[in-house]
Amino acid sequence: CPCLMISSFLNMDYSIVNFKKAMTFFASSLLIQFLFFIVLFIIFGRKYDDAKYRVLSVCGTLGNVGFFGLPIVTSLFPNEPVVACYSTVNVASMNLLCFTVGVFLITNDKKFISIKSAFLNPTTSSFLLALPLYLLQVHFPVFIVDSITLMGKITTPLSMVIIGFRLASIPLKTVFTQKFAYQACLIKLILFPIFALALITLMPFADDVFKTCIFVLGGAPAGAVILSLSELHECEQKNTANAVLLTTLLSLITVPVLMLFV
């Protein structure tokens, strides 16, 4: 994951314009996710005594925008290296919310909110490392850049294999018969990307590539990190696993449909 983050900046041509676009995407994605948390709090807040609804809010907002979203946006725009940075900065914004708002909702306890964890994790730390490397134009030997890029590309198939392991250990009947998982799919795969597109359309600085990436990345399935946190804190593990797995499976249908609108 750190290699994925760093390689996206190393492979982007140096341009202050591109850098500003990437930082604007970071701020926009952070704002959109935070606002959607507020929307879901308005809808489900009265039911937050039930951990299921708190976890539903997390699964409906925080997506697998790196491992899953990156190959999609780079395939859509192969001649726009900046889109790889869009995906990776989205991962960074998601991580900041995951270790603050996300972990609070999962545990329902403020003591687990960790600003330290929000910044000192592999994704955010590598993001903070990549920024000065890009701005100072630190050039590494080609074999190092190629190695970092190759390692970064491994993350997508590796994460899919890990999710496959989880899917293989759960009876499919359990995955496809849980109301909770379908609620998560409706919110994460349909409502969130529509919400994201509606907001970004109101922002005059966003060009078509920017808007498309916000929309498509918004439709990424629930992030696997949510399952890790739910298991760590022993909160709604089965529901979270079902939500992550079913959103990943159904995104194979919903993401192409979303792309039709793009």
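Before reading on, note that the structure itself is shown above.
The following paragraphs examine the structure supplied in this document. Just so you know, these numbers come straight off a predicted model, no measurement behind them. (Residues numbered from 1 in each chain as written. Predicted model: local features only at pLDDT ≥ 70, side-chain atom pairs only at ≥ 80, totals over all residues. Heavy atoms only, no water.)

## Digging into the overall build of the chain
Part 1 of the argument: For the chain, the count of helices and strands is 13 helices and zero strands.
Part 2 of the argument: When the helices and strands of the chain are listed from N to C terminus, the series reads α-α-α-α-α-α-α-α-α-α-α-α-α.
Part 3 of the argument: Computed over its C-alpha atoms, the radius of gyration of the chain comes to 18 Å, within 12% of the 18 Å expected for a compact globule of 262 residues.
Part 4 of the argument: In terms of its C-alpha atoms, the chain occupies a principal-axis envelope of roughly 50 × 35 × 35 Å.
Part 5 of the argument: With 262 residues in all, the chain has 51% of them scored as buried.
Part 6 of the argument: Long-range contacts, defined here as pairs at least 24 residues apart, represent 81% of the contacts in the chain between residues at least 6 apart. (Helix = DSSP H or I, 4+ residues; strand = E, 2+ residues; numbered from the N terminus. Rg over C-alpha atoms; globule rule 2.2 N^0.38 Å. Buried < 20%, exposed > 50% of the residue type's maximum accessible area, 1.4 Å probe, protein only. Contact = heavy atoms within 4.5 Å.)

## A few points about the nonpolar core
Part 1 of the argument: Among the nonpolar cores identified, the biggest contains 79 residues, and Phe9, Phe25, Leu62, Val83, Tyr86, Phe127 and Cys213 are the most heavily contacted of them.
Part 2 of the argument: Sorting elements by how many residues they give to this core places helix H5 (residues 82–107) first, with 14 residues.
Part 3 of the argument: Phe9 has contacts with Met23, Cys85, Thr88, Val89, Phe127, Ala130, Leu131 and Tyr134, leaving out every residue within four places of it along the chain. (Core = buried A, V, L, I, M, F, W, Y, C linked by side-chain atoms within 4.5 Å.)

## A closer look at the pattern of salt bridges
Part 1 of the argument: Evaluated as defined, the whole model comprises one salt bridge.
Part 2 of the argument: Across the pair Asp207 and Lys21 runs a salt bridge whose closest N-O atoms are separated by 3.6 Å. With Asp207 in the loop between helix H10 (179–201) and helix H11 (208–218) and Lys21 in helix H2 (residues 16–44), this pair connects stretches of sequence that are 186 residues apart.
Part 3 of the argument: Overall, the relative accessible area of 31% leaves Asp207 in the partly exposed class. (Salt bridge = Lys/Arg side-chain N within 4 Å of Asp/Glu carboxyl O.)

## A short note on the side chain of Thr247
Part 1 of the argument: Tracing the sequence through the fold places Thr247 in helix H13 (residues 237–261).
Part 2 of the argument: The class for Thr247 is buried, based on a relative accessible area of 0%.
Part 3 of the argument: A distance of 2.7 Å separates a polar side-chain atom of Thr247 from the backbone oxygen of Ala243.
Part 4 of the argument: Looking at Thr247, its side chain comes within polar contact range of the main-chain oxygen of Val244, at 3.0 Å.
Part 5 of the argument: In this structure Thr247 touches Ala184, Cys185, Leu189, Pro221 and Ala222, once residues within four positions along its chain are discounted. (Polar contact = N/O pair within 3.5 Å; in protein donor to acceptor, adjacent residues only side chain to side chain.)

## So, empty space enclosed by the protein
Part 1 of the argument: Under the counting rule described, the total for this entry stands at one cavity of 30 Å³ or more.
Part 2 of the argument: In this structure, the largest cavity spans a volume of roughly 90 Å³.
Part 3 of the argument: What lines the largest cavity is a set of 13 residues, and nearest its centre among them are Ser29, Gln33, Asn90, Phe192 and Gly218.
Part 4 of the argument: Of all elements in the fold, only H2, H10 and H11 reach the threshold of two or more residues within the lining of the largest cavity.
Part 5 of the argument: Looking at the lining of the largest cavity, its residues break down into six nonpolar, six polar and one charged. (1 Å grid on protein atoms, 1.4 Å probe; cavity = no way out; pocket = protein on both sides within 12 Å on 5 of 7 lines; lining within 4 Å. Points joined across faces, edges and corners; volume = space filled by probe spheres on them. Nonpolar A, V, L, I, M, F, W, Y, C, P; charged D, E, K, R; others polar.)

## What to know about unusual backbone geometry
Part 1 of the argument: Backbone geometry at Gln137 places phi at a positive 50°, although glycine is not the residue there.
Part 2 of the argument: When you line up the elements, Gln137 lands in the loop between helix H7 (122–135) and helix H8 (142–168).
Part 3 of the argument: When its relative accessible area of 28% is taken as the criterion, Gln137 is described as partly exposed.
Part 4 of the argument: The phi angle at Glu236 is positive, at roughly 50°, despite the residue not being glycine.
Part 5 of the argument: Within the secondary structure layout, Glu236 lies in the loop between helix H12 (224–232) and H13.
Part 6 of the argument: On the basis of relative accessibility, which here comes to 24%, the residue Glu236 falls in the partly exposed class.

## Digging into the layout of surface pockets
Part 1 of the argument: What the largest pocket holds in volume is close to 510 Å³.
Part 2 of the argument: Around the largest pocket sit 26 residues that line it, and Cys1, Phe67, Thr123, Ala224 and Val225 are the ones nearest its centre.
Part 3 of the argument: Among the elements of the structure, helix H1 (2–10), H5, H7, H8 and H12 are those that each provide at least two residues to the lining of the largest pocket.
Part 4 of the argument: Counting residues per element, the lining of the largest pocket draws most heavily on H8, at six residues.

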